[in-house]
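Descriptive structure summary
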Number of protein chains: 2
Amino acid sequence: MKLYEGLADYLRQRIEQGFVAGGERMPSIRALSREHGVSITTVQEAYRQLEDAGLVESRPKSGYFARLRSTTPDLPQVSRPVRRPIEVSQWEDVLNILGAEAPSKLFSLGHAMPDLAGATLKPLLKLWSMQARRSDMRGLEYDSLRGTEELRTQVARLGDHSGCQLHPDELIITTGCQEALFCALRAVTEPGDIVAVDSPCFYGAMQAIKANDLKVMEIPTHPESGLSIEALELAMEQWPIKALAVTPTCNNPLGYSMPDSRKRELLLLAQRFDIAIIEDDIYGDLTYAWPRPRTIKAFDTDGRVLLCSSFSKTLAPGLRLGWIAPGRYRSQVIHNKFVSTAASSTLSQLAVAQFIAEGGYERHLRKVRAQYQRYRDQMVSWLEEHFPPGIRISYPQGGYLLWVEFAREVDCVELNRELSDRQFRIAPGVLFSATGKYRNCMRLNFVNGVDAQTEEALCVLGDMIRQRYPD
Amino acid sequence: MKLYEGLADYLRQRIEQGFVAGGERMPSIRALSREHGVSITTVQEAYRQLEDAGLVESRPKSGYFARLRSTTPDLPQVSRPVRRPIEVSQWEDVLNILGAEAPSKLFSLGHAMPDLAGATLKPLLKLWSMQARRSDMRGLEYDSLRGTEELRTQVARLGDHSGCQLHPDELIITTGCQEALFCALRAVTEPGDIVAVDSPCFYGAMQAIKANDLKVMEIPTHPESGLSIEALELAMEQWPIKALAVTPTCNNPLGYSMPDSRKRELLLLAQRFDIAIIEDDIYGDLTYAWPRPRTIKAFDTDGRVLLCSSFSKTLAPGLRLGWIAPGRYRSQVIHNKFVSTAASSTLSQLAVAQFIAEGGYERHLRKVRAQYQRYRDQMVSWLEEHFPPGIRISYPQGGYLLWVEFAREVDCVELNRELSDRQFRIAPGVLFSATGKYRNCMRLNFVNGVDAQTEEALCVLGDMIRQRYPD
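The structure presented is a predicted model; accordingly, all values stated were derived computationally and were not measured.

Conventions we followed
- Residues numbered from 1 in each chain as written.
- Chains lettered and ligands numbered in written order.
- Predicted model: local features only at pLDDT ≥ 70, side-chain atom pairs only at ≥ 80, totals over all residues.
- Heavy atoms only, no water.
- Helix = DSSP H or I, 4+ residues; strand = E, 2+ residues; numbered from the N terminus.
- Rg over C-alpha atoms; globule rule 2.2 N^0.38 Å.
- Buried < 20%, exposed > 50% of the residue type's maximum accessible area, 1.4 Å probe, protein only.
- Contact = heavy atoms within 4.5 Å.
- Areas by Shrake-Rupley, 256 points an atom, 1.4 Å probe, with all protein chains shown as cover.
- Salt bridge = Lys/Arg side-chain N within 4 Å of Asp/Glu carboxyl O.
- Disulfide = S-S within 2.5 Å.
- Domains from an automatic or database assignment.
- Core = buried A, V, L, I, M, F, W, Y, C linked by side-chain atoms within 4.5 Å.
- Pairing = 2+ DSSP bridges.
- Axes fitted to C-alpha atoms, helices over the stretch in contact; angles between N-to-C directions.
- Buried area = accessible area lost by both parts, 1.4 Å probe.
- Polar contact = N/O pair within 3.5 Å; in protein donor to acceptor, adjacent residues only side chain to side chain.
- Least-squares fit on C-alpha atoms with pLDDT ≥ 70 in both.

A closer look at the overall build of chain A
- Of the regular secondary structure elements, chain A holds 15 helices and 16 strands.
- Expected size for 471 residues packed as a compact globule is a radius of gyration near 23 Å; at 23 Å, chain A falls within 12% of this value.
- Principal axes of the C-alpha set define a box for chain A whose edges measure 70 × 60 × 45 Å.
- Among the 471 residues that make up chain A, the fraction classed as buried is 62%.
- A separation threshold of at least 6 residues defines the contact pool for chain A, and within that pool the share at least 24 residues apart is 76%.
- Carbon together with sulfur atoms contributes 47% to the accessible area of chain A, which is approximately 18100 Å² in total.

Shown next as structure tokens:
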């Protein structure tokens, strides 16, 4: 292998492993020459190779830059859920993916657990530890029903990023976003009511719908623009829909963020039919583009939006800290919160409030946003490389989850079962449907991004699909 | 004042302030003589005085002992709740006592917060702090839906104390006892069903009943033997009661523990009418007598008892850690737990599990049980001293709550309102009724036991009652 080929290989790996993000400047020719003890010409030759391979581009007077992914992958098709209100099933599948009955140390490509190993989380742990030892032992006390003032103040301040002017008194701290969603649903519905959701839809929201004896009306979504407002309007004309539960920013599982204009339209529609909107913004702060998109809540003029979120995806799920801005449903939500858990963990609240106040949250976000964006590009490349041709892949605008759609005959539930001998798991698409649709889809996380274990798992999975579905 | 009178006064205070518990040995004559620099005769004279006052008793060859309270106070009357299924109201009163809208640093005689200042809790804080800094950062991860194996193992082991043979897999960790009660209620009822409760009844359970569109059938209770099984049987013959929710050990608010035989009878009755029993055992480990009484769950043969408990009263409420042993309703409870909060705080679980494993929990219990028993006696004495004659006081067998019943015209809601200028609060009896009964009753805690602030508050309250209700 020639010298320049070796160097080109090295640089290619740096890009492919995500150490250099798309759009980022590559090391200068002079620096590489010094660092690797090779001539200027050799470095130039290496860059020429990479340029030919479409991995870098030269910009006059600025040097070489890693290329942004110029093309989005083949996106999944617009979803086609059942076109009538139905009951939610799929609990057994959810229970299975949660590993509730047989918890294990399996490597999971299906779970939505953020990266917890980064240095920017360390200060939070330190604060947590300090709060545990404060002499007034406030961490041991019952917290106020609405949450500590410290945390509500910080969460209200963070609302600015999404265009939300919130007063701390408008917020209620919850035990994760799940409790926020649960309290919100119970506040705006009666048993038997119909709730519209984006489809595919987060299984936690759908199981909460099931638990409250509600019916679900799944609305088609486009993999880039999100929920079809036209389909929703049609559904609302046909059925007495009581509320809409959506994840419009960094959608789980598809990753899209609805444009502001579509969010505004959604709100107008909700106003016209006088329904409540339960907005799940749990991944919202993880959008790659900053400033982040607005929430629907940012446009809310009459308190019909119940904004639900949490630190489970941005910081750590073990904190069990979420919040809700319930608008006009405040008093009902407070009652719901009281009867379900009375209060949330005081100590976690104090630690997180201090972490935000000291700038740790925003520092952490800056880091993980860039990291997850690199990982996304890597993941998409790997999928295109290791999976059979013809697959469709969502192209997330934030977060660390994507959606893969295979040919119709591929059965991801079956694949997952086969994987039980291997050391990892996926989240089959059926979890995100009320009736077990999306069997040929799966949700993958790219939290672990560039590591060898992830690529190995994708190779195994790719081979398995090729063997099982040979054409 | 003579020398012996001064010494007698000093010893009286020690007893009254709870530094010497009923039944405990007093300092020896020799030791007091040395310590106070007085003659043996002076000490003997002092003890004679105390003996005459009924505060100590001499036992041959053993010395002097602080006297156990020989008489229970005048107990409250058997409760007489409404004799038909009704809807629960009183939410506004509950919200008020919770201080949700205007949290404040008021001294509360009504709140059920345990003593958090003791030395035996310190090791827990240390473990908490250590767990926050462990390098694998497990405290940040999603916990398994059912709770960490570490904590379930320890809770199962503790079950032995109450005669319960539980396997860790039979337990589900919850976010406090409130979530356990909520999940239990939802598992065994449908909207519109009737749930029987002991009356007066913990308001958290009743508000959960309200939130689930259930009706409540309040059953009379005796201040010593607890729920009237005869009244319950009558009610079950008349109404289609679906479940029974009771706190049979260290009852909140009355403090009684139902005898084992009554618990067994209750279970037989539940079997005969085929209903579920939701057993709240949150104060159970705080019974003064040890070994502690059995739970109803200990007698359960067919899985119809859902045992709910937590560390909120024994350790600290800020932990937000409870559990449920749901018997035959396990799968429904798991679904309910998932939709309400998905998981509980991992870090708290790890810290508490280690605290129990290292013997810290049992050490702490031994200490606070003795402490709360002393405080009870002190509290009863103070109430008899500072409150108008004719009041009735429950005589708790565990925990740190008691119930005071005044003459019919006394309005504790009104008293509490008047107290808003003062720096403390009580819990008016209406909170513990579905319909605002028990207005002439209040629940007091004696967590702070022997401190001057508590006695001062009782004096203020006593004066207020005397002024407002002069006969």
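Things to note about unusual backbone geometry
Residue and element names in this part refer to chain A.
- Residue P200 is bonded to the preceding S199 through a cis peptide linkage, with omega at 0°.
- Structurally, the position occupied by P200 is in the loop between strand 5 (194–199) and helix 8 (203–211).
- A cis amide bond links N252 to the next residue, P253, at an omega of 15°.
- Along the chain, P253 turns up in the loop between strand 8 (241–246) and helix 10 (260–272).
- The phi angle at M137 is positive, at roughly 55°, despite the residue not being glycine.
- Its location among the elements puts M137 in the loop between helix 5 (122–132) and helix 6 (149–158).

Quick look at the pattern of salt bridges
- If you walk through the whole model with that rule in mind, you get 46 salt bridges over all chains.
- Across the pair R262 of chain B and E230 of chain B runs a salt bridge whose closest N-O atoms are separated by 3.3 Å. Placement of R262 of chain B in helix 10 (residues 260–273) and of E230 of chain B in helix 9 (residues 229–238) is noted, with a sequence separation of 32 residues between them.
- Of the residues examined, E230 of chain B reaches a relative accessible area of 45% and is grouped as partly exposed.
- Notably, a salt bridge pairs R417 of chain B with E414 of chain B, separated by 2.9 Å at the nearest N-O pair. Note that R417 of chain B and E414 of chain B are positioned in helix 14 (residues 412–418) at a spacing of three residues, about one turn of the helix.
- A relative accessible area of 22% places E414 of chain B in the partly exposed class.
- Within the structure, one salt-bridge network assembled from shared partners comprises D274, D302, R304 and R328 of chain A.

A look at the state of the cysteines
- Evaluation of the coordinates by the stated rule reveals zero disulfides over all chains.
- For C183 of chain A, which is in no disulfide, the shortest distance to another cysteine sulfur is to C308 of chain A and amounts to 8.6 Å.

Describing the side chain of R262 of chain B
- Under the relative-accessibility criterion, R262 of chain B is labelled buried at 15%.
- Residue contacts for R262 of chain B: discarding those within four places in its chain leaves S225, L227, S228, I229 and E230 of chain B.

Remarks on the domain arrangement of chain A
- Under the domain assignment, chain A is made up of domain 1 (3–66), domain 2 (91–103 + 121–359) and domain 3 (362–468).
- Computed from C-alpha atoms alone, the centre-to-centre distance between domain 1 of chain A and domain 2 of chain A is 44 Å.

A word on the nonpolar core
- Among the nonpolar cores identified, the biggest contains 298 residues, and F311, L383 and L444 of chain A together with F311, L383 and L444 of chain B are the most heavily contacted of them.
- Not counting the four nearest positions on each side in its chain, L444 of chain A is found in contact with L109, M379, L383, Y400, L401, L402, V404, I426 and L458 of chain A.

Details of the sheet that holds strand 15 (residues 427–428) of chain B
Residue and element names in this part refer to chain B.
- Across the sheet, which stays open at both edges, the four strands sit in the order 12-13-16-15 with antiparallel pairing between neighbours. Looking at which strands have only one partner, the edges of the open sheet turn out to be strand 12 (392–393) and strand 15.
- In the packing of helix 13 (residues 360–386) onto the sheet, contacts are made with strand 12, strand 13 (401–405) and strand 16 (441–445), and the angle to strand 13 comes to roughly 20°.

Notes on the interface of chain A and chain B
- Taken together, the contact pairs 59 residues of chain A with 59 residues of chain B.
- Around 5400 Å² of area is buried between chain A and chain B when both sides are counted, 65% of it from carbon and sulfur atoms.
- It is L140, Y142 and F338 of chain A that lose the most area in chain A upon contact with chain B, and together they represent 15% of the buried surface on that side.
- Joining chain A to chain B, the criterion identifies zero salt bridges.
- Linking chain A with chain B are 20 residue pairs in polar contact (both at pLDDT 80 or more).
- Elements supplying a minimum of two residues to the side of chain A that touches chain B: helix 4 (91–98), helix 5, helix 7 (176–188), helix 8, helix 11 (330–341) and helix 12 (346–357) of chain A.
- Sorting elements by how many residues they give to the side of chain A that touches chain B places helix 11 of chain A first, with seven residues.

Describing the relation of the copies chain A and chain B
- When chain A is brought onto chain B, the operation consists of a screw motion whose angular component is 180° and whose axial shift is 0.0 Å, with 0.1 Å RMSD remaining. Read as a symmetry element, the transformation amounts to a two-fold axis. Rotation axis and chain A: the residue whose C-alpha lies nearest the axis is S129 of chain A, separated from it by 2.0 Å.
- Of all interface residues in chain A, 100% are interface residues in chain B too; the two copies therefore contact each other through one and the same surface.

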